[in-house]
Amino acid sequence: MEATEKDILRGGQFLVKETKCEDVFTPEDFSEEQKMMKEAVMEFNEREIIAHKARFEAKDYALTEEVMRKAGELGFLGVAVPEAYGGLDMGFVSTLLVCDYISSGTGSFSTAFGAHTGIGTMPITLYGTEEQKQKYVPKLATGEWFGAYCLTEPGAGSDANSGKTTAELSADGKSYKINGQKMWISNAGFCRLMIVFARIENDKNITGFIVEYDKTNPNGITLGEEEHKLGIRASSTRQVFFNDTVVPVENMLAGRGEGFKIAMNALNVGRIKLAGACLDSQRRILTTAVQYANERKQFNTPIADFGAIKYKLAEMAASAYAGESATYRAAKNIEDRIALRQAAGNSHQEAELKGVEEYAIECSILKVAVSEDVQNCADEGIQIFGGMGFSEETPMEAAWRDARIARIYEGTNEINRMLSVGMLVKKAMKGHVDLLGPAQAVQDELMGIPSFDTPDYSELFAEEKEMVAKLKKLFLMVAGAAVQKFGPELDGHQQLLIAASDILIEIYMAESAILRAEKNAKRFGEDAQVVQIAMAKLYLYNAVSIVEKNGKESIISFAEGDEQRMLLMGLKRFVKYTNYPDIVDLRLAIAEKVKAENKYCF
Ligand SMILES: Cc1cc2nc3c(=O)[nH]c(=O)nc-3n(C[C@H](O)[C@H](O)[C@H](O)COP(=O)(O)OP(=O)(O)OC[C@H]3O[C@@H](n4cnc5c(N)ncnc54)[C@H](O)[C@@H]3O)c2cc1C
């Protein structure tokens, strides 16, 4: 059934509206076509990437390029690209699915894939003119050419709009001359096209250009040596120098001064794709860890039988489950929003741009949450392997190193945390999400007398869903009080913003896990979902602790006296379970299942 405007939450609205489990998309909803795509990608990953893991670790950059070319031949580079430009136009969920299942073999390939299909191609599909799209996108979609994205400079990282690279119009008005230095450019060593951001005269904002790079006729472009990195060792990362590089005026992307907007919107897409790209790594790390734990014996016992190891297996599984739930939920929201806009007469380009922009908050949340989950998972994976985890001979060491970059690129996690809250406040001010009304209602509730009725929690997840609703109230209470206190100065209180974003992140992730497990319990039966239900409950329990800690620190930092006492009482009320889940039992149930299946099996 086609989604209608009223069915789909707007970006950020999850915080103030209740979502029904029937309205979320879950990985169990993949169509037959998507399942076939998943199988094909998994098979490719095993054959072309995992089988050659050692070569990637030995910095075989040529292999990364070769496998990228093969991915292009199979159509994997063009999943998101419209058919008119040589792609498969499979929709946003399928795009995510490919990013997900192609990325777990090595971070080297996954970075090359992400940089090419995301930030290397999307700026043209989203902002290019018809001529630019016809000329370049088919080459990129098939892997005939590879793309790179040149935004970062030695002096301009998180402050991306501060770059010093210049673009100067020629006297005849036919071309620009680009001069400057970019650094940390993924795919630089084998790309044929670069999206380059440069400043024209003293413009406030940078401008985007499509720059061809032909090594036989380099047009003033030179590359630095390959960077020697902690992880993603076979991903080509170089500095790029532009020395009077001539670019025809028709290669400007969108308009003059539009570059910062292009850069940010390309990153929105990149962020959710990066979350997707961390998911199969998490699954694979858990599978590798449980297989080892089942085999490795100490004290005449497989280490998987020790409670300490079961704890880790259960936590790893629950975070992977939540990551999948939230990523595919948001991906489908984006896909539906794009379809709605197209139905309303928007071009594919406009629809996609606005569709993704709408969910920029969720994209930032996912980027932060999943990149940190995969890192924690890899860390625990090393621990389960003990000394062997520290050895290059086992896969955990590389997984841990590769995971590390996800917290840095596509906007650091600090920047994304602050962006998520900042964008939410902006949406509220524009009237797109009504935060004021619900925040006022929470204040009124706090002034009133709490209900002493015994709630009916007989239905599955009744208490958990109420808890999620309370966490939302807690966010509104803390954020509302902080906005009242600091007004526009809130931007300067970064610790508060980060605490607020941690609350936001946990709400979205926990709610997504619960809705997925509830939806599946309704259609497949509760008995078939016992472990999934346990994972959702475990995730929520952990989320409540994180929310409580961040809420408390925030309140203490800005409120005093009676106000502080009232807010702390509210906090206590909003994080209180009536019936605490037996977390130890939940972990045991999850770990037993993972142990028995010898893999991540959800
Ligand atoms: C392997 C790799 C591949 C990359 N690929 C690409 C690519 O293909 N194209 C490209 O353009 N770039 C690429 N990058 C660059 C990447 O996007 C940047 O490294 C990233 O944006 C951070 O910028 P920076 O390194 O200058 O760190 P900085 O911006 O100097 O940040 C340093 C620290 O300060 C924090 N910080 C910065 N500003 C603030 C603030 N306002 N408030 C609070 N904290 C702040 C950051 O969160 C971080 O913890 C890549 C980087 C790496 C390492």
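Given the structure is predicted, the values throughout are model-derived calculations rather than measurements.

## Considering the site of the ligand
Here is step 1: Taken together, 18 residues sit near the ligand, with Tyr149, Thr152, Ser158, Trp184 and Thr412 positioned nearest.
Here is step 2: Here an oxygen atom of the ligand and a backbone polar atom of Leu151 are 3.0 Å apart.
Here is step 3: Within the side chain of Thr152, an N or O atom sits 2.7 Å from a nitrogen atom of the ligand.
Here is step 4: Coverage of the ligand by the protein amounts to 67% of the 960 Å² it exposes when considered alone.
Here is step 5: For the shell around the ligand, the elements supplying multiple residues, two or more each, are strand 3 (175–186) and helix 13 (413–430).
Here is step 6: Split into classes, the residues belonging to the shell around the ligand amount to ten nonpolar, six polar and two charged.
Here is step 7: Of the domains in this structure, domain 1 (31–256) and domain 2 (259–414) are the two that each give at least three residues to the shell around the ligand.

## Side note on the UniProt feature "domain: Acyl-CoA dehydrogenase/oxidase C-terminal" (unreviewed entry) in the protein
Here is step 1: Within this numbering scheme, the UniProt entry marks residues 257–419 as carrying the feature "domain: Acyl-CoA dehydrogenase/oxidase C-terminal" (unreviewed entry).
Here is step 2: Helix and strand shares over residues 257–419 are 79% and 2% respectively, and the end C-alpha atoms of the span are 22 Å apart.

## Some points on the packing of aromatic side chains
Here is step 1: Tallied over the entire structure, the rule returns 16 aromatic pairs.
Here is step 2: Between Phe25 and Phe30 the ring centres are 6.1 Å apart and the planes differ by 50°, which places this aromatic pair in the tilted class. Across the pair, exposure class does not vary: Phe25 and Phe30 are buried alike.
Here is step 3: Summarising the aromatic geometry, the rings of Tyr577 and Tyr580 are spaced 5.1 Å apart at their centres and angled 50° between planes, so their arrangement reads as tilted.
Here is step 4: Judged by its relative accessible area of 2%, Tyr577 is buried.
Here is step 5: Residue Tyr580 is classed as exposed on the basis of its relative accessible area of 53%.
Here is step 6: Among the aromatic residues, those joined into a cluster by ring pairs are Phe44, Phe76, Phe109 and Phe113.
Here is step 7: Above the face of the Trp145 ring, Lys139 is positioned so that its terminal group lies 5.2 Å from the ring centre.
Here is step 8: Over the aromatic face of Trp145 sits the side chain of Arg192, whose NZ or CZ is 4.1 Å from the ring centroid.

## Structural notes on the domain arrangement of the protein
Here is step 1: Structurally, the protein comprises domain 1 (31–256), domain 2 (259–414) and domain 3 (428–597).
Here is step 2: A straight line from the C-alpha centre of domain 1 to that of domain 3 covers 39 Å.

## Observations concerning the environment of Cys601
Here is step 1: Here Cys601 is to be found in the segment after helix 19 (583–597).
Here is step 2: Given a relative accessible area of 23%, Cys601 falls into the partly exposed group.
Here is step 3: For the pair formed by Cys601 and Gln282, sequence separation is 319 residues and the distance between their alpha carbons is 12 Å.

## Section: the side chain of Thr237
Here is step 1: Considering the arrangement of structural elements, one finds Thr237 in strand 7 (residues 237–248).
Here is step 2: Those residues in contact with Thr237 that sit more than four places away from it in its chain are Trp184, Ile185, Glu225, Glu226, Glu227 and Lys229.

## Thoughts on the packing of helix 11 (residues 360–385) against helix 16 (residues 494–524)
Here is step 1: The geometry of helix 11 relative to helix 16 is characterised by a closest axis approach of 10 Å and an angle of 90° between their N-to-C directions. As far as their axial angle goes, helix 16 and helix 11 are roughly perpendicular. Contacts from Ile361, Glu362, Ile365, Leu366, Val368, Ala369 and Val370 of helix 11 reach helix 16 at Leu504, Ile505, Tyr508 and Met509.
Here is step 2: Class assignment for the residues of the contact of helix 11 with helix 16 results in ten nonpolar, no polar and one charged.

## Some remarks on helix 18 (residues 561–574)
Here is step 1: With 14 residues, helix 18 should cover 20 Å at 1.5 Å per step; its first-to-last C-alpha distance of 20 Å lies within 8% of that length.
Here is step 2: Looking at the buried side of helix 18, the elements it contacts are helix 14 (436–447), helix 15 (462–486) and helix 17 (530–558).

## Describing the pattern of salt bridges
Here is step 1: The tally for this structure, following the rule as stated, stands at 45 salt bridges.
Here is step 2: For the salt bridge of Asp336 with Lys332, the shortest nitrogen-to-oxygen distance reads 2.7 Å. Note that Asp336 and Lys332 are positioned in helix 9 (residues 307–343) at a spacing of four residues, about one turn of the helix.
Here is step 3: Classification of Asp336 as buried rests on a relative accessible area of 15%.
Here is step 4: Given a relative accessible area of 22%, Lys332 falls into the partly exposed group.
Here is step 5: Each of Glu28, Glu46, Asp100, Asp280, Arg283, Arg284, Glu324 and Arg516 takes part in one network of salt bridges that share partners.

## Some remarks on the environment of Glu258
Here is step 1: By the element assignment, Glu258 lies in the loop between strand 8 (252–253) and helix 8 (259–295).
Here is step 2: We classify Glu258 as partly exposed; its relative accessible area is 27%.
Here is step 3: Sequence spacing of Glu258 and Thr207 is 51 residues, and the spatial spacing of their C-alpha atoms is 5.4 Å.
Here is step 4: At 2.8 Å, the side chain of Glu258 and the side chain of Lys261 are in polar contact.

## As for the pairing of strand 3
Here is step 1: Two strands pair when backbone bridges link them, and strand 2 (residues 166–169) and strand 3 are joined in this way by four bridges, in the antiparallel orientation. Across the sheet, the residue bridging to Leu169 is Tyr176, located in strand 3.
Here is step 2: Between strand 2 and strand 3, which pair antiparallel one after the other, the connecting turn spans five residues, and Gly173 there sits at a positive phi close to 75°.
Here is step 3: Where strand 3 meets strand 7, nine bridges bridge the pair, whose relative direction is antiparallel. Along strand 7, the bridge assignment pairs Lys182 with Val240.

## Describing the UniProt feature "domain: Acyl-CoA dehydrogenase/oxidase N-terminal" (unreviewed entry) in the protein
Here is step 1: UniProt feature "domain: Acyl-CoA dehydrogenase/oxidase N-terminal" (unreviewed entry): in the numbering of this structure it lies at residues 31–144.
Here is step 2: Note that residues 31–144 is 69% helix and 0% strand, and that its end C-alpha atoms are spaced 30 Å apart.

## Here we look at the state of the cysteines
Here is step 1: All chains considered together, the criterion is met by zero disulfides.
Here is step 2: The cysteine Cys99 is free of any disulfide, with Cys278 supplying the nearest cysteine sulfur at 11 Å.

## Some words on helix 8
Here is step 1: Look at helix 8: 54 Å from first C-alpha to last across 37 residues, which is about the 54 Å you get at 1.5 Å a residue.
Here is step 2: For helix 8, the tally of buried residues reaches 29 of 37 residues, placing the bulk of the element in the interior.

Reading guide: rules and limits
Residues numbered from 1 in each chain as written. Predicted model: local features only at pLDDT ≥ 70, side-chain atom pairs only at ≥ 80, totals over all residues. Heavy atoms only, no water. Near = heavy atom within 4 Å. Polar contact = N/O pair within 3.5 Å; in protein donor to acceptor, adjacent residues only side chain to side chain. Areas by Shrake-Rupley, 256 points an atom, 1.4 Å probe, with all protein chains shown as cover. Helix = DSSP H or I, 4+ residues; strand = E, 2+ residues; numbered from the N terminus. Nonpolar A, V, L, I, M, F, W, Y, C, P; charged D, E, K, R; others polar. Domains from an automatic or database assignment. UniProt positions renumbered as here; feature names shortened; annotations may be inferred. Phe/Tyr/Trp six-rings, centres within 6.5 Å; stacked < 30°, edge-to-face > 60°. Buried < 20%, exposed > 50% of the residue type's maximum accessible area, 1.4 Å probe, protein only. Lys NZ or Arg CZ within 6 Å of the ring centre and 35° of its normal. Contact = heavy atoms within 4.5 Å. Axes fitted to C-alpha atoms, helices over the stretch in contact; angles between N-to-C directions. Parallel < 35°, antiparallel > 145°, perpendicular 65-115°, else oblique. Expected span 1.5 Å × (residues − 1). Salt bridge = Lys/Arg side-chain N within 4 Å of Asp/Glu carboxyl O. Pairing = 2+ DSSP bridges. Disulfide = S-S within 2.5 Å.

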